[in-house]
Amino acid sequence: AFNILTKILSIAWTCILLYVVDPWLALIIGLYLIPYTFLAQYIYTRIQRASWDLSMISQYFNAVLRDSIAGVKTVKSYGRIRWSVGRLVGVGIEQMRYLMRHSYALIFGNSTIIWGLSWIMERALYFYIGYRTLTGALSIGEFGVVLMLSNTFRWNAQSLIDEIQNIRLQLVQAERVM
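These notes cover the structure that comes with them. For every chain, the first residue of its written sequence is number 1, and the numbers climb from 1 along that sequence. In keeping with the predicted nature of the model, local features appear solely for residues at pLDDT of at least 70, side-chain atom pairs appear and are counted solely at 80 or more, and the whole-chain, interface and lining totals rest on all residues. No hydrogens and no water enter the side-chain calculation; it runs on all heavy atoms of the structure.

1. Things to note about the layout of surface pockets
Right, on to step 1. In this analysis, the protein atoms alone were mapped onto a 1 Å grid. Cavities are point sets where a 1.4 Å probe fits without being able to get out; pockets are open sets with protein on both sides within 12 Å along at least five of seven lines; lining residues have an atom within 4 Å of a point. Grid points are joined across faces, edges and corners, and a volume is the space filled by probe spheres set on the points. If you add up the space inside the largest pocket, you get close to 300 Å³.
Right, on to step 2. Along the wall of the largest pocket there are 15 residues; nearest its centre are R46, I47, A50, R101 and A105.
Right, on to step 3. Helical segments are the DSSP runs of H or I of at least four residues, strand segments are the runs of E of at least two, and each set is numbered from the N terminus. When residues of the lining of the largest pocket are traced back to their parent elements, those giving at least two are α2 (23-70) and α4 (81-134).

2. Concerning the packing of aromatic side chains
Right, on to step 1. Side-chain rings of Phe, Tyr and Trp (the six-membered ring for Trp) are treated as a pair once their centres are within 6.5 Å; stacked means planes under 30 degrees apart, edge-to-face means over 60, and tilted covers the remaining angles. Applying the stated criterion to the full structure yields two aromatic pairs.
Right, on to step 2. With a centroid separation of 5.8 Å and 40° between ring planes, the pair formed by Y32 and Y36 is classed as tilted. One end of the pair is Y32 and the other is Y36, both in helix α2 and four residues apart, which spans about a single turn.
Right, on to step 3. Here's how the labels work: a residue is buried when its accessible area is under 20% of the maximum for its type, exposed when over 50%, partly exposed in between, all with a 1.4 Å probe on protein chains only. Residue Y36 is classed as buried on the basis of its relative accessible area of 1%.
Right, on to step 4. A ring is considered to have a charge above it if a Lys NZ or an Arg CZ atom is located within 6 Å of its centre and within 35 degrees of its normal. When the ring centre of Y98 is taken as reference, the NZ or CZ atom of R101 above it lies at 4.8 Å.

3. A word on the side chain of D162
Right, on to step 1. Counting through the fold element by element, D162 comes out in helix α5 (residues 140-170).
Right, on to step 2. The charged side chain of D162 is buried without a salt bridge, its nearest counter-charge being K7 at 8.3 Å.
Right, on to step 3. In what follows, a contact means two residues having at least one pair of non-hydrogen atoms within 4.5 Å. Setting aside residues no more than four positions away along its own chain, D162 makes contact with Y36 and Y44. His residues and chain termini do not enter the charge count, which takes Lys and Arg as positive and Asp and Glu as negative. Basic side-chain nitrogens of Lys or Arg form a salt bridge, by our definition, when they fall within 4 Å of a carboxyl oxygen of Asp or Glu.

4. Details of helix α1 (residues 2-21)
Right, on to step 1. Expected span of a helix, by definition, is 1.5 Å for each gap between consecutive residues, and there is one gap fewer than residues. For α1, which comprises 20 residues, the first-to-last C-alpha distance of 29 Å matches the rise-based estimate of 28 Å (1.5 Å per residue) to within 8%.
Right, on to step 2. Every buried residue of α1 is listed here: K7, I11, T14 and L18. An end-on view of α1 places all buried positions within 80° of arc, on one side of the element. In α1, the exposed positions angled more than 90 degrees off the buried face are occupied by F2, L9, W13, Y19 and V20. The arc in question is formed by the directions pointing from the helix axis toward the C-beta atoms.

5. Quick notes on the nonpolar core
Right, on to step 1. Residues enter a nonpolar core if they are buried and are Ala, Val, Leu, Ile, Met, Phe, Trp, Tyr or Cys, with the set joined through side-chain atoms within 4.5 Å. Formed by 28 residues in total, the largest nonpolar core has its most connected members in L18, L25, I29, L33, I129, V146 and F153.
Right, on to step 2. Residue assignment for this core shows that the elements contributing at least two residues are α1, α2, α4 and α5.
Right, on to step 3. Element by element, the count of residues in this core is highest for α2, at eleven residues.
Right, on to step 4. Once residues within four sequence positions are removed from consideration, L25 is found in contact with L18, L125, Y128, I129, V146 and S150.

As structure tokens, then:
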């Protein structure tokens, strides 16, 4: 909770400083954070759903394994060993499919879309600040200050959004599955 409060205060302070130096840049970053928040919410919801599905199938696999081990004598007496092994292998393959789905959701969502949007915004900031410097609106000294303030504002806001979404992801393991 203290970390989140610290980030909120840091975001507010850097936003105020950036607004004093360049109000349009503060507005651009603020407008960028709106789709970033919605996209992060969507992607982390997909990852959360994949985590929940993986948790369900893992518990089902453990139940099938437990039933197979406990009932070996019963299964052996009825001649259903092949059926029991086939069921265990089938559930294991299904568990691996859900694990791959979860891994792809993490890789594609976090590493591709979220990182890609951040990378595009970073390049747009470099272009905008460079353009303002070349046209004379900012001096060479102000270039570094504005770049540092804009990156600090954007990084802190993105890390706050990502931290809140990661808290949602960590709650998947706390859900009780009946």
